Amino acid sequence: MRFIALLFLVVFVGFGRAETHEGGDLDLVDLHLLLKQINQLNQVITRYQKDPSKHTEVSLYSDQRNELMHTFALQLLNTRERIGINIEENEKQQHALQKALLKSSKSNDIYTYFTDTLQLKNLEVEADMYGFLKKIRTSTDFFSQEKDIKSISASYLIKLETYAAKTYAVPDRLEDIKKHELQSALEQYKIKLQTYIDVLRYIQQHPKDVLAKSVIFNINMQWVLERIAGAINHIFPDMNGLQNAKILLSLGLLAFLLALRQLVTALFVKALDYCVRFTRKNANINIQEKIRNSILAPISTFLFIYSFDISIDILYYPHPAPARFDMYLGVVYILLVAWLVIALFKAYGAAILATLASRKNGFRKEVVNLILKIAYFFIFVLTILGVLKQLGFNISTIIASLGIGGLAVALAVKDMLANFFASVILLLDNSFNQGDWIVCGDVEGTVVEMGLRRTTIRGFDNALFFVPNSELAGKFVRNWSRRKMGRRIKMIVGVTYSSSQEALQKCVLGIRNMLLEHPRIAKGDDLDKISKQQLSEHHEYLMDRQNIVSVNDLMGYKADLFVYVDSFGDSSINIFIYCFSKSIAWEEWLATKEDVIFKIMGVVEECGLSFAFPSQSIYIESMPAPHV
């Protein structure tokens, strides 16, 4: 994105030489002056830390110091920024002080010797800082990485920490005034040394700040602003060309990037469509359009905010934007990235998982659903941690505190944890799937969704049940949908006691033959065909278990058929009929059962039998004599 903005800058201003106003050069501050300002803030912080009444102001000065170190890091690779340390003069002074130390040591002048030693140490520290700045500028180019910045800063940081490890004590034999002067000079040296150490540590911890803007980008930004400022001053001599150049450039760049937002978003979506094309070859065009629309909003918003970010950087150039602005803008970026990741995962991740679930022997829908929910949870947690870190909180301390309070949290959410682990157990046990018809206690219906805490079941009266997963894992579950073929038809047919034995046997045989010939009633031959088919499709799985369990019962196939005279009832001779329809669908089962009943009625009529119905016979032993 910055490369595109840079191209716009070149096009906007144009190539070739242009007139530059005498004051068109930016008022850049050298790096050594920034170091002095950081050192002055460290002196104030050190003094205020000793004064209890000033403790509240320490944080304010610390923030200012951090902002200056951030500015220092950003300007390291800006070659137009002077280092500000005269290394030749520094070396001359070091050579002179070394000679002076030899003289003062021979003359036994402790005060002069100690003063010259501190001055020499200050010069050595300055020379080392110059060496670091020179090294990092000569060794870093456009292709440098963070590890290169860390490596260079580490070597000089070790050298300065070695200086800090040495202790110096002011001699007690001196006068109080001289002793105070030496004590003050020693303290100033320690603060400067600590300032340089802090700066190097900051650079080592924030190498991105050094590489945030490449050398090429800074040079071109400088070049562009100079030419815009020169053009403005040429037309309007009384106006501040530099400030107006920043405003004009930021507004132009903002408009350009906002116009470019649609193109960048379209290219991003095209790239994503190309990457996941294999998962949605036969997908509905409307579904693809909805997926694209779901990710357009976060991408477009991200580019919109980023456009303002670049414009703000130009307005503050060559200095960085305020640290608090960058901090809160970082929070916005984290939230936008989380929004984009969730949208991508919801669109393409769900599509990929759904494709895998639809394949033969693929993931179960419940596993896909659980993976999505866990992924959303982790994205949420990582987003919260990222926001807290951006706001300055110590994430390591927060994570460590979670271990201390883990027991209390576990006790507080024990029911939630029980339900979560119950959902895992249900998935591992594979007791039911989404869409199955189950019965558990007083709840009966179709499983709608298995969640992390509860399972949603739609009852046959269209009521919605929310059952905790621990209840389902702890009770028996009857799964009516785990049937491949065979839904039971069971009935008792009663005929009158006036039926003859021959007619009754003919009726039983007729009903049995009718069921064996019925195309929608399961028979043994059907099971034999299905068993061979199942062994061919699930060979590895069934070959290991066919000698252990009943394969038909394991897979859910039933074809038992029984028709027998069963009992003598109170008012009928009962014929027991027991069979299974091929279809397990409720409507088809009802139609099959109805057809079987009609055919049974026909068989009974053909055999000359009559259906019995409950009746009672009353016998009167004697009648009373009639009254005359």
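Placed above this text is the structure.
Parameters and conventions
Residues numbered from 1 in each chain as written. Predicted model: local features only at pLDDT ≥ 70, side-chain atom pairs only at ≥ 80, totals over all residues. Heavy atoms only, no water. Helix = DSSP H or I, 4+ residues; strand = E, 2+ residues; numbered from the N terminus. Buried < 20%, exposed > 50% of the residue type's maximum accessible area, 1.4 Å probe, protein only. Contact = heavy atoms within 4.5 Å. Areas by Shrake-Rupley, 256 points an atom, 1.4 Å probe, with all protein chains shown as cover. Polar contact = N/O pair within 3.5 Å; in protein donor to acceptor, adjacent residues only side chain to side chain. Pairing = 2+ DSSP bridges. Expected span 1.5 Å × (residues − 1). Axes fitted to C-alpha atoms, helices over the stretch in contact; angles between N-to-C directions. Left-handed = near helix turned anticlockwise from the far one by under 90°. Nonpolar A, V, L, I, M, F, W, Y, C, P; charged D, E, K, R; others polar. Salt bridge = Lys/Arg side-chain N within 4 Å of Asp/Glu carboxyl O. Phe/Tyr/Trp six-rings, centres within 6.5 Å; stacked < 30°, edge-to-face > 60°. Patch = residues over 30% accessible without salt bridge, like charges linked within 9 Å, V, L, I, M, F, W, Y side chains within 5 Å. Core = buried A, V, L, I, M, F, W, Y, C linked by side-chain atoms within 4.5 Å.

**Some points on the overall build of the chain**
Inference 1: Counting its secondary structure elements, the chain contains 22 helices and eight strands.
Inference 2: Per-residue burial over the chain gives 39% buried out of 628 residues.
Inference 3: Taking the intrachain contacts of the chain between residues at least 6 apart in sequence as the baseline, contacts between residues at least 24 apart amount to 73%.
Inference 4: Surface summary for the chain: the accessible area is close to 37500 Å², and the carbon and sulfur share equals 59%.

**Focus: the side chain of serine 583**
Inference 1: On the secondary structure map, serine 583 appears in the loop between β8 (573-581) and α22 (586-606).
Inference 2: When its relative accessible area of 19% is taken as the criterion, serine 583 is described as buried.
Inference 3: A distance of 3.2 Å separates the side chain of serine 583 from the backbone nitrogen of alanine 585, its partner in a polar contact.
Inference 4: Among the polar contacts made by the side chain of serine 583, one reaches the side chain of glutamate 588 at a distance of 2.4 Å.
Inference 5: Beyond its immediate chain neighbours, meaning those up to four positions away, serine 583 contacts Arg487, Glu588 and Trp589.

**Considerations on the sheet that holds strand β4 (residues 464-468)**
Inference 1: Read from one edge to the other, the open sheet built from five strands follows the order β4-β3-β2-β1-β5, with strand pairing classed as antiparallel. The open sheet terminates on both sides in strands that have one partner only, identified here as β4 and β5 (478-479).
Inference 2: Across two bridges, the pairing between strand β1 (residues 437-440) and β5 is antiparallel. Note on β5: the bridge partner recorded for isoleucine 438 is asparagine 479.

**Quick look at helix α6 (residues 146-165)**
Inference 1: Along its 20 residues, α6 runs 28 Å from first to last C-alpha, staying within 8% of the 28 Å computed at 1.5 Å per residue.
Inference 2: The set of residues buried in α6 consists of Ile149, Ile152, Ser153, Tyr156, Leu157, Leu160 and Tyr163.
Inference 3: Each element contacted by the buried residues of α6 is listed here: α5 (110-139), α7 (176-205) and α8 (207-211).

**Some thoughts on the packing of helix α3 (residues 55-74) against α7**
Packed helix pairs are characterised by how far apart their axes lie and by the angle those axes make with each other.
Inference 1: α7 packs onto α3 with a crossing angle of 65° between their chain directions and a minimal axis gap of 10 Å. Two packed elements cross with a definite hand, and for α3 against α7 that hand is right-handed. On the side of α3, the interface is formed by Arg65, Met69, His70, Phe72 and Ala73, while α7 contributes Asp198, Val199, Tyr202 and Ile203.
Inference 2: Partitioning the contact of α3 with α7 into residue classes produces six nonpolar, one polar and two charged.

**Looking at the pattern of salt bridges**
Inference 1: Tallied over the full model, the rule gives eight salt bridges.
Inference 2: Linking lysine 121 and glutamate 124 is a salt bridge whose minimum nitrogen-to-oxygen distance equals 3.5 Å. Here lysine 121 pairs with glutamate 124, and both are found in helix α5, just three residues apart, close to one helical turn. For the pair lysine 121 and glutamate 124, one class covers both residues: buried.

**A closer look at the pairing of strand β2 (residues 443-450)**
Inference 1: Bridge analysis of β1 against β2 gives four bridges, and the strand direction is antiparallel. By the bridge assignment for β2, tryptophan 437 is matched with threonine 446.
Inference 2: Counted between consecutive antiparallel strands, the loop separating β1 from β2 contains two residues, among which glycine 441 sits at a positive phi close to 65°.
Inference 3: Relative to strand β3 (residues 454-459), β2 runs antiparallel, the two being bridged by five bridges. Directly across from valine 447, in β3, lies its bridge partner isoleucine 457.

**Some remarks on the packing of aromatic side chains**
Inference 1: For the structure shown, the criterion picks out nine aromatic pairs.
Inference 2: For the ring pair tryptophan 437 and phenylalanine 460, a centre distance of 5.4 Å and an interplane angle of 85° mean the geometry is edge-to-face. One end of the pair, tryptophan 437, is in strand β1; the other, phenylalanine 460, is in the loop between β3 and β4, with 23 residues separating them in the sequence.
Inference 3: Residue classification places phenylalanine 460 among the exposed positions, given a relative accessible area of 54%.
Inference 4: Ring-pair connections join several aromatic residues into one group, and the members of that group are Phe562, Phe576, Tyr578 and Phe580.

**Focus on a nonpolar patch on the surface**
Inference 1: Residues Phe377, Phe378, Phe380, Val381 and Ile384 make up a contiguous nonpolar surface patch of roughly 490 Å² in combined accessible area.
Inference 2: You can see isoleucine 384 is positioned in helix α13 (residues 365-390).

**Quick notes on the nonpolar core**
Inference 1: One finds Phe72, Leu76, Phe132, Leu133, Leu160 and Ile203 to be the most contacted residues of the largest nonpolar core, which totals 42 residues.
Inference 2: The set of elements that each furnish at least two residues to this core consists of α2 (31-49), α3, α5, α6 and α7.
Inference 3: Sorting elements by how many residues they give to this core places α7 first, with ten residues.
Inference 4: Apart from the residues lying within four places of it in its own chain, the contact partners of phenylalanine 132 are Ile152, Ser153, Tyr156, Leu200 and Ile203.
Inference 5: Of all hydrophobic cores here, the second largest spans 25 residues; its members include Val495, Ala503, Leu504 and Cys607.

**What about the sheet that holds β8?**
Consider a sheet: its strands pair through backbone hydrogen bonds, and that pairing is either parallel or antiparallel.
Inference 1: Pairing is antiparallel in the open sheet, where three strands are placed in the order β6-β8-β7. The open sheet is flanked by β6 (487-495) and β7 (562-568), the only strands paired with a single partner. Between one strand axis and the next, the sheet turns through 25° on average, direction left out of account.
Inference 2: Bridge count between β7 and β8: six bridges; the pairing is antiparallel. Across the sheet, the residue bridging to phenylalanine 562 is tyrosine 578, located in β8.

**Side note on the environment of leucine 31**
Inference 1: Of note, leucine 31 is situated in helix α2.
Inference 2: Once residues within four sequence positions are removed from consideration, leucine 31 is found in contact with Phe72, Gln75, Leu76, Glu81, Arg82, Ile83, Leu133 and Arg137.

**Topic: the environment of arginine 454**
Inference 1: By the secondary structure assignment, arginine 454 is in strand β3.
Inference 2: Residue class for arginine 454 comes out partly exposed when judged on its relative accessible area of 38%.
Inference 3: Each residue touching arginine 454, except ones within four places of it in the same chain, is listed here: Glu449, Phe466, Val467, Pro468 and Asn469.

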